[in-house]
Amino acid sequence: MRSKIKVVWLSSPWCPHSEGIGGGTLRRLKNWIKFWDWERYEIKLVLGGANFENMARIKHQLEAMGPISVTNLEGLYPVHQWFLGGLSKLRKYLKRFNPDILHTIFIQSDIAGGLVRRTAGVSVHISSLEGALVPSYASRIKRFFYQIGYAFIRSQLNAIIALCHATGYDAVRDFGVSQNKIRVIYSGLDLNEFPFKSGWPYLPNQKKTRTVGFIARLSREKIPSLLVEAAPRVLESVPNVRFVIAGSGPEEDNLKLMSELLGVRQHFIFLGWIDKVAETLSTFDLFVFTSKFASKFEGLPWSILEAQSVGVPTIASAVGGVPEVIKDGHNGILLHSNNSNELAEKIIFMLENRELAARMGREGRRIIEKKFNVSVYFDINPNWIKGPKKSLN
C-alpha cells in the first residue's frame, strides 16, 4: 500500500474579529477539508493566532469536519515573536511531522515557512495568495519588512497558487515573483450550500419593498459608507427600498450615525455578523459589493461568488479579481469609482429594470456552476499543482 503524502498547511497571522471567525480563509480551509482526497494525503493545519478562545473554536470546527489535526502554534503571531522562539518551534514541528509539502497561506506564513523549511527537511514549499501579498494600507515599515523577507524566500517557492489573475499579476509586478511559478486556481463554492433563488423575475408589483443588500466586514477598506451615501438619491427615484447591511466591524457605529444624519435611518437594517449567508442573500433583490480602488486589498471576494451562486443581481467595485467574475452588463454591473452618485445611478437602473436584472442573476449562476464550483477541485504533488482534476458529482 502506497504511503500517504504528508502536508502541512501553515496559516498565520490568524487574528479574526470575535464574530465570523476567519472570513474567506476559513471558508477555503473548510472546503479543502470537505473535498480533499484523504486516502492519498495526511494533513496537519498550523495556525498562528493570539486569541486562544477563538483558536480553540476554530480547532473544534475544523477537526469535526475531517481527519485533520489543527494546532495553534505559539510564537508565530505577532511577528516579533518569531525571534523569541517562534521560528524554532515551527522548525521543530516540521521536523517532527516530516511533511513532503509545506503549503503556506499569507505572506507572514510564506516568510516564516521559507526561513525554516530547508533546515527542517521539507523539500517542497507551495504558497497560496489570498489577496494582495501586502495591502496598500499597511505601514511603510511593515511593507518594507515584508518585501525584504519575501525577496529572501521567493526563489525557494516551488509553486504559487493565485486565487485570480489580478492577484498573480500584482505579485509579479510588486514583489518580483516569477510568472512561471504562478498557477491560477479560482475559489469554488459548494453549490449545495448556495442554491439558486427561484421565482425571478420579481413580481410586477410596484408596491413591493425592494431589498438592496450588503454583506462584508464593516471596515474602511470595504467602504460600506458608499451605500449609505447613495441611499437618499435612490429613495428619491425608488421610494419602496430598504437597505440591509450584514457584517460587523469598526465602521458599524459610524454607518448608523451617518444614516441618521442623512435622514434615512428608518430605511436601513443592520444585521450584525451572520452565519446563514445563503438564507440572507435569498432575501435580497440586489447585492452591492464595494471596496476601495486604491487599497489593493481584494483577491476574489467570497461574497461576490455567493451572491452570483444564489442568482442575486450584483453591483460590484471593479477591484482585484471581481472583473474576472462579473462581466459588466452581462452577469452584473461594475462600479468604476468610489463615488456614491455612480452607485446610486446603478442601483436605480437595476431596480427599474427587473427583467434585465433577473437575466443577469441567472447568468451569474451559470458562470459559477461552470468556473467557480468546488466540485472541480485540485490536487498537489511535489512537482506542480494538478488541477482542476476530477468531478465529485
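The preceding data block contains the structure.
None of these values were measured; they are calculated from a predicted model.

The rules behind the values
- Every chain is numbered on its own, with residues counted from 1 as its sequence reads.
- Only residues with pLDDT of 70 or above have their local features reported here, since the model is predicted, and side-chain atom pairs are shown and tallied only from 80 upward, although totals for entire chains, interfaces and linings are computed over all residues.
- Only hydrogens and water are set aside; all other atoms, that is, all heavy atoms of the structure, feed into the side-chain values.
- The axes used here are C-alpha line fits, helices contributing only the stretch in contact, and every angle between their N-to-C directions lies in the interval 0 to 180 degrees.
- Secondary structure elements follow DSSP: runs of H or I of four or more residues count as helices, runs of E of two or more count as strands, with numbering from the N terminus.
- In what follows, roughly perpendicular refers to angles from 65 to 115 degrees, roughly parallel to angles under 35, roughly antiparallel to angles over 145, and oblique to any angle outside these ranges.
- Helix crossings are classified by the rotation of the near helix relative to the far one: an anticlockwise turn of less than a right angle makes the crossing left-handed, while a clockwise turn makes it right-handed.
- We call two residues contacting when some pair of their heavy atoms lies within 4.5 Å.
- Put simply, Ala, Val, Leu, Ile, Met, Phe, Trp, Tyr, Cys and Pro go in the nonpolar bin, Asp, Glu, Lys and Arg in the charged bin, and everything else, Gly too, in the polar bin.
- Think of a 1 Å grid over the protein atoms and nothing else: a 1.4 Å probe that fits but is trapped marks a cavity, an open set flanked by protein within 12 Å on at least five of seven lines marks a pocket, and residues with an atom within 4 Å of a point count as lining.
- Grid points are joined across faces, edges and corners, and a volume is the space filled by probe spheres set on the points.
- Strands are treated as partners if at least two bridges between them are detected by DSSP.
- A pairing counts as a salt bridge when a side-chain nitrogen of Lys or Arg comes within 4 Å of a carboxyl oxygen of Asp or Glu.
- Buried means the residue's accessible area, taken with a 1.4 Å probe over protein chains only, is under 20% of the maximum for its type, while exposed means over 50%, and partly exposed covers the values in between.

Student: What should I look at first to understand the packing of helix α7 (residues 225–237) against helix α12 (residues 340–352) in this one?
Tutor: Describing two packed helices takes the angle between their axes plus the distance from one axis to the other. Two elements in contact, α7 and α12, have axes separated by 8 Å at closest approach and are oriented at 50°. On the basis of their axis angle, the class for α7 and α12 is oblique. The two elements α7 and α12 cross, and the hand of that crossing is right-handed. In this structure, α7 uses Leu226, Leu227, Glu229, Ala230, Arg233, Val234 and Ser237 to contact α12, whose residues at the interface are Ser340, Asn341, Leu343, Ala344, Glu345, Ile347, Ile348, Leu351 and Glu352. Residues that form the contact of α7 with α12 fall into these classes: 9 nonpolar, 3 polar and 4 charged.

Student: Please explain empty space enclosed by the protein as it appears in this structure.
Tutor: One way to see where empty space is left: roll a probe the size of a water molecule over the atoms. For the coordinates displayed, the defined rule picks out 2 cavities of 30 Å³ or more. Put simply, the largest cavity is a space of about 40 Å³. Lining the largest cavity are Ala132, Leu133, Val134, Arg143, Asp170, Asp174, Phe175 and Lys296. Broken down by element, the lining of the largest cavity gets its largest block of residues, 3 residues, from helix α6 (residues 165–175). Partitioned by chemical class, the residues of the lining of the largest cavity number 4 nonpolar, no polar and 4 charged.

Student: Honestly, the sheet that holds strand β12 (residues 314–317) in this entry has me stumped. Any pointers?
Tutor: Two pairing modes exist for strands in a sheet, parallel and antiparallel, and in both the strands are linked by backbone hydrogen bonds. Taken together, 6 strands build an open sheet; the order of strands is β10-β9-β8-β11-β12-β13 and the sheet is parallel. Every interior strand has two partners, whereas the edge strands, β10 (268–272) and β13 (333–335), have only one. The sheet shows a mean angle of 20° between the axes of neighbouring strands, direction not considered. Across 4 bridges, strand β9 (residues 241–246) lies against β10 in parallel orientation. Bridge pairing in β10 links alanine 246 to glycine 272.

Student: Just checking my understanding: could you explain the packing of α12 against helix α13 (residues 354–371) for this structure?
Tutor: Closest axis-to-axis distance for the α12/α13 pair is 5 Å, and the angle between their directions is 95°. Compared by their axis directions, α12 and α13 come out roughly perpendicular. On the side of α12, the interface is formed by Phe349, Met350, Leu351 and Glu352, while α13 contributes Arg354, Leu356, Ala357 and Met360. Considered class by class, the residues forming the contact of α12 with α13 number 6 nonpolar, no polar and 2 charged.

Student: Help me understand the pattern of salt bridges in this model?
Tutor: Applying the stated criterion across every chain yields a total of 14 salt bridges. Note that arginine 365 is salt-bridged to glutamate 369, the shortest N-O span being 3.0 Å. Of this pair, arginine 365 and glutamate 369 both sit in helix α13, separated by 4 residues, roughly a single helical turn. Note on arginine 365: relative accessible area 12%, which makes it buried. The class for glutamate 369 is partly exposed, based on a relative accessible area of 39%. When salt bridges with common partners are traced through the structure, they connect Lys34, Asp190 and Glu193 into a single cluster.

Take it as geometry only, folks, not as evidence of what the structure does.
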